[in-house]
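Each chain is listed here by its residues.
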Amino acid sequence: MPHNSFPIEALEREWQACEPMLAVFKANQAQTQQFKRVLIGSHFARQQFQQNPNWLQELHANPMGEAPPLLLEGDEITAGKTLRLYRHQQMVGIIWRDLNRLVSPQATCAALSQLADTCIQAALEFLYPLLTASFGAPLDNQGKPLGLFVLGMGKLGSKELN
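What you see is a predicted model, and the numbers here were worked out from it, not measured in a lab.

Let's talk about the overall build of the protein
And then number 1: A tally of helices and strands in the protein yields 6 helices and 0 strands.
And then number 2: Counting only residues that meet the buried cut, the protein has 27% of its 162 residues in that class.
And then number 3: Here the contacts in the protein between residues at least 6 apart in sequence split such that 60% fall between residues at least 24 apart.
And then number 4: Accessible surface, the protein as shown: approximately 10900 Å² in total, 58% of it carbon and sulfur.

Let's talk about the nonpolar core
And then number 1: The biggest cluster of nonpolar side chains holds 15 residues, and the ones touching the most others in it are Met21, Phe35, Val38, Phe49, Leu56 and Trp96.
And then number 2: Counting only elements with at least two residues in this core, the list comes to helix 2 (29-41), helix 3 (43-51), helix 4 (54-61) and helix 5 (76-99).
And then number 3: Leu83, Tyr86, Ala122 and Phe126 belong to the second-largest nonpolar core, a separate cluster that totals 10 residues.

Considerations on the packing of helix 2 against helix 3
A pair of packed helices is captured by two measures, namely the crossing angle of their axes and the spacing between those axes.
And then number 1: The geometry of helix 2 relative to helix 3 is characterised by a closest axis approach of 5 Å and an angle of 115 degrees between their N-to-C directions. The orientation of helix 2 relative to helix 3 falls into the category roughly perpendicular. Side by side, helix 2 and helix 3 meet where Phe35, Val38, Leu39, Ile40 and Gly41 of the first sit next to His43, Ala45, Arg46 and Phe49 of the second.
And then number 2: Looking at the contact of helix 2 with helix 3, its residues break down into 6 nonpolar, 2 polar and 1 charged.

Brief notes about the side chain of Ser42
And then number 1: Structurally, Ser42 is set in the loop between helix 2 and helix 3.
And then number 2: In terms of polar contacts, Ser42 uses its side chain to reach the backbone amide nitrogen of Ala45, at 2.9 Å.
And then number 3: Contacts of Ser42, omitting those with residues within four sequence positions, involve Ile95 and Leu99.

Section: the packing of aromatic side chains
And then number 1: Counted by the stated rule, this structure contains 3 aromatic pairs.
And then number 2: For the pair Phe49 and Trp96, a centre-to-centre distance of 6.2 Å together with 85 degrees between the ring planes defines the contact as edge-to-face. Of this pair, Phe49 sits in helix 3 while Trp96 sits in helix 5, and the two are 47 residues apart along the sequence. Each of the two residues, Phe49 as well as Trp96, counts as buried.
And then number 3: Taken together through their ring pairs, the aromatic side chains of Phe35, Phe49 and Trp96 make up a single cluster.

Observations regarding the packing of helix 3 against helix 5
And then number 1: Interaxial distance between helix 3 and helix 5 falls to 10 Å at its minimum, and their mutual angle equals 125 degrees. By the angle class used here, helix 3 and helix 5 are oblique. Regarding helix 3 and helix 5, the two cross each other, and that crossing is left-handed. Contacts between helix 3 and helix 5 pair Phe44, Ala45, Gln48 and Phe49 from the former with His88, Met91, Val92, Ile95 and Trp96 from the latter.
And then number 2: For the contact of helix 3 with helix 5, a count of residues per class yields 7 nonpolar, 2 polar and no charged.

The rules behind these values
- Residues numbered from 1 in each chain as written.
- Predicted model: local features only at pLDDT ≥ 70, side-chain atom pairs only at ≥ 80, totals over all residues.
- Heavy atoms only, no water.
- Helix = DSSP H or I, 4+ residues; strand = E, 2+ residues; numbered from the N terminus.
- Buried < 20%, exposed > 50% of the residue type's maximum accessible area, 1.4 Å probe, protein only.
- Contact = heavy atoms within 4.5 Å.
- Areas by Shrake-Rupley, 256 points an atom, 1.4 Å probe, with all protein chains shown as cover.
- Core = buried A, V, L, I, M, F, W, Y, C linked by side-chain atoms within 4.5 Å.
- Axes fitted to C-alpha atoms, helices over the stretch in contact; angles between N-to-C directions.
- Parallel < 35°, antiparallel > 145°, perpendicular 65-115°, else oblique.
- Nonpolar A, V, L, I, M, F, W, Y, C, P; charged D, E, K, R; others polar.
- Polar contact = N/O pair within 3.5 Å; in protein donor to acceptor, adjacent residues only side chain to side chain.
- Phe/Tyr/Trp six-rings, centres within 6.5 Å; stacked < 30°, edge-to-face > 60°.
- Left-handed = near helix turned anticlockwise from the far one by under 90°.

What follows is the structure, encoded as structure tokens:
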């Protein structure tokens, strides 16, 4: 296969696997086109829809949906799975809105930044009690308990430090 050729057969197989999901849209041609655009434009979203077809119904009902709060519970393995599933579902929504130009590029960047903030904060709130139970609370020079924080620097949503 030449370097620049696209594996059309593989895409057709994946499309056939996703085609039954089109029933969600019934006769809504605009949303059918949006779905096709996302399937073609994002391998990640295509995989997520195949693994979690109910997400498509949620996007159909509310494509501009606000991200629900993230609460991590249970043991570390369960919390990690919950965090990954949340991140994946929110990324699919961000991809949907971006590829279908339902929001501005600035709104997409802000949503990515907010998703990162939400995931980091939830992980910190989940792990802090576990760490303090194992190692004790961090203390300042006067012996007063300190909290933990995560310092991140970047240019994702333009809210980060330079």
